[in-house]
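# Descriptive structure summary
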Amino acid sequence: MIRTKNPRRMAALVALPLTLALVAGACGSDDDSSDDASDSEADGGDTDDGGADDGDTDDGDADGGDADGGDMSTAECAVDEVDGDLALFNWAEYIDPEQLQEFADEYGISATMDVYDSNEAMLPQIQAGNSGYDVIVPSDYMVSIMIAGEFIQPLNQDAIPNLSNLAEEFTGLEYDPDSTYSVPYQAGTTGLAVDTAAVGTDFPRSWDIVFDTEFTDEFSGQISLLNDPRETMGAALKSLGYSLNTTNIDELNEARDVVSAASGNLAAFNTDSADELLTSGETVIGHGYSGDMFTQILETDEGTDRYVYFVPEEGGTRWIDNMAIPFDAPHPCTAHTFINWLMDGEQGAALANWNYYTTPNEAAKPFLDEDLLAFLEDPETLPGGEESLELIEDTGDFEINYSDAFIEAKG
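About the criteria used
Residues numbered from 1 in each chain as written. Predicted model: local features only at pLDDT ≥ 70, side-chain atom pairs only at ≥ 80, totals over all residues. Heavy atoms only, no water. Axes fitted to C-alpha atoms, helices over the stretch in contact; angles between N-to-C directions. Helix = DSSP H or I, 4+ residues; strand = E, 2+ residues; numbered from the N terminus. Parallel < 35°, antiparallel > 145°, perpendicular 65-115°, else oblique. Contact = heavy atoms within 4.5 Å. Nonpolar A, V, L, I, M, F, W, Y, C, P; charged D, E, K, R; others polar. Phe/Tyr/Trp six-rings, centres within 6.5 Å; stacked < 30°, edge-to-face > 60°. Buried < 20%, exposed > 50% of the residue type's maximum accessible area, 1.4 Å probe, protein only. Core = buried A, V, L, I, M, F, W, Y, C linked by side-chain atoms within 4.5 Å. Salt bridge = Lys/Arg side-chain N within 4 Å of Asp/Glu carboxyl O.

## Brief notes about the packing of helix H8 (residues 229-239) against helix H15 (residues 399-410)
Where H8 meets H15, the closest approach of the two axes is 9 Å, and the angle between their N-to-C directions is 85°. The angle between H8 and H15 falls in the class roughly perpendicular. Every residue of H15 that contacts H8 at Pro229, Arg230, Thr232, Met233 and Leu237 is listed here: Glu399, Tyr402, Ser403, Ala405 and Phe406. A per-class count over the contact of H8 with H15 returns six nonpolar, two polar and two charged.

Next up, the structure:
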């Protein structure tokens, strides 16, 4: 199947009453964050028992405060039980609005979704308590942080029978070995996409094309990097031959200087629309997530004949995003039901076919698009091989240094 239009973009053009609200976090930038966060409902109706901004519900909202001392017992929920509307806090463009609507219709509730552009923007919203969210989608290392802080609650696995559909390679994960607190949602890589009509095809498959001024000076103002401290500092660390999980302050400072030197040639630090900037011609090299880049590339007339995506040969990030339930989620049973519903084979495939990311759902694989399978199996997207990839890990007390270094690098 060849796509001529990206359904994620088209969703914004049809009369769906689902509006995404970007939550501006501490790491947000002027070009890809908004000060106006608003709830969005899949059925367009108001509700008294859900939604992130509804601090007063009939179904037992948390009473505020942070996670310390919160009730961390497992929710007593039956399979397919709902106890109110669904409030989802997710990355932008990470689920088809029509699929979210389908869930709402099937269970006779409404579903709302707000979005964030980095794990660091999401964390304080949940940590503060009384967020109103039922399901969040933290990345691997952030799951570790949220477990340690008791910001997410243990799952009632009896209420998630479709957990048995989890592919073997997504079990026994270091950050949550028994899926006690989280269930993998989607996985992918972070790399670079290039417009070969502008850059040509004879360029190194290296981080040098965004960090080495001998190369980047030619494309000044036409390069974007992610507005994410761990991803962008990690890219600089990999370019220097270091682990993206280093706890060596000298190595991190060296990476900070690399990003700082590159910033003068950037169009933007941008997470939410790095793919669109590339195909609109505003940039010619973009740092971004595999599925975002590939779906946007397929939307163009020239597609992969013009644009290429790869993880540089020095290596980069392999990431796993996960579904989790905040410690004070107002509707934990609805949250469990939503997680179980997405772990159904056909629903898991619908999610992956819309995002073009790797599905952790073994039962979804027979339903995946041929284009997606071809992309996932293309060796040219990974010139450094699987061994060059790393999961971002929680570095504990050192974590603040990544955020500080990134702020300093951006200037």
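Moving on from the model shown.
## As for the packing of aromatic side chains
The description of an aromatic ring pair uses the distance of the two centres, along with the angle that the planes make with each other. As enumerated under the stated definition, the model contains 20 aromatic pairs in all. With 5.0 Å between their ring centres and 45° between their planes, phenylalanine 103 and tyrosine 107 make a pair best called tilted. Taken as a pair, phenylalanine 103 and tyrosine 107 lie in helix H2 (residues 97-107) at a separation of four residues, close to a single helical turn. Phenylalanine 103 sits in the buried class, given a relative accessible area of 0%. Residue class for tyrosine 107 comes out buried when judged on its relative accessible area of 17%.

## Overview of the nonpolar core
One recurring pattern in soluble globular proteins is that nonpolar side chains are buried together. Counting residues in hydrophobic clusters, the biggest one holds 60 residues, and the most contacted among them are Ile136, Met146 and Phe338. Discounting chain neighbours no more than four positions away, the residues touching methionine 146 are Met122, Leu123, Ile126, Ile136, Pro138, Phe151 and Ile152. Membership of the second largest hydrophobic core comes to 31 residues, among which are Val210, Ala236, Phe398 and Ala409.

## Some points on the pattern of salt bridges
Considering all chains together, one arrives at eight salt bridges under this definition. Among the salt bridges present, the one from glutamate 399 reaches arginine 230, with a minimum N-O distance of 2.8 Å. Of this pair, glutamate 399 sits in helix H15 while arginine 230 sits in helix H8, and the two are 169 residues apart along the sequence. Note on accessibility: glutamate 399 and arginine 230 belong to one class, buried. Among the salt bridges present, the one from arginine 306 reaches glutamate 302, with a minimum N-O distance of 3.1 Å. If you follow the salt bridges from partner to partner, you end up with Glu169, Glu362 and Lys365 in one network.

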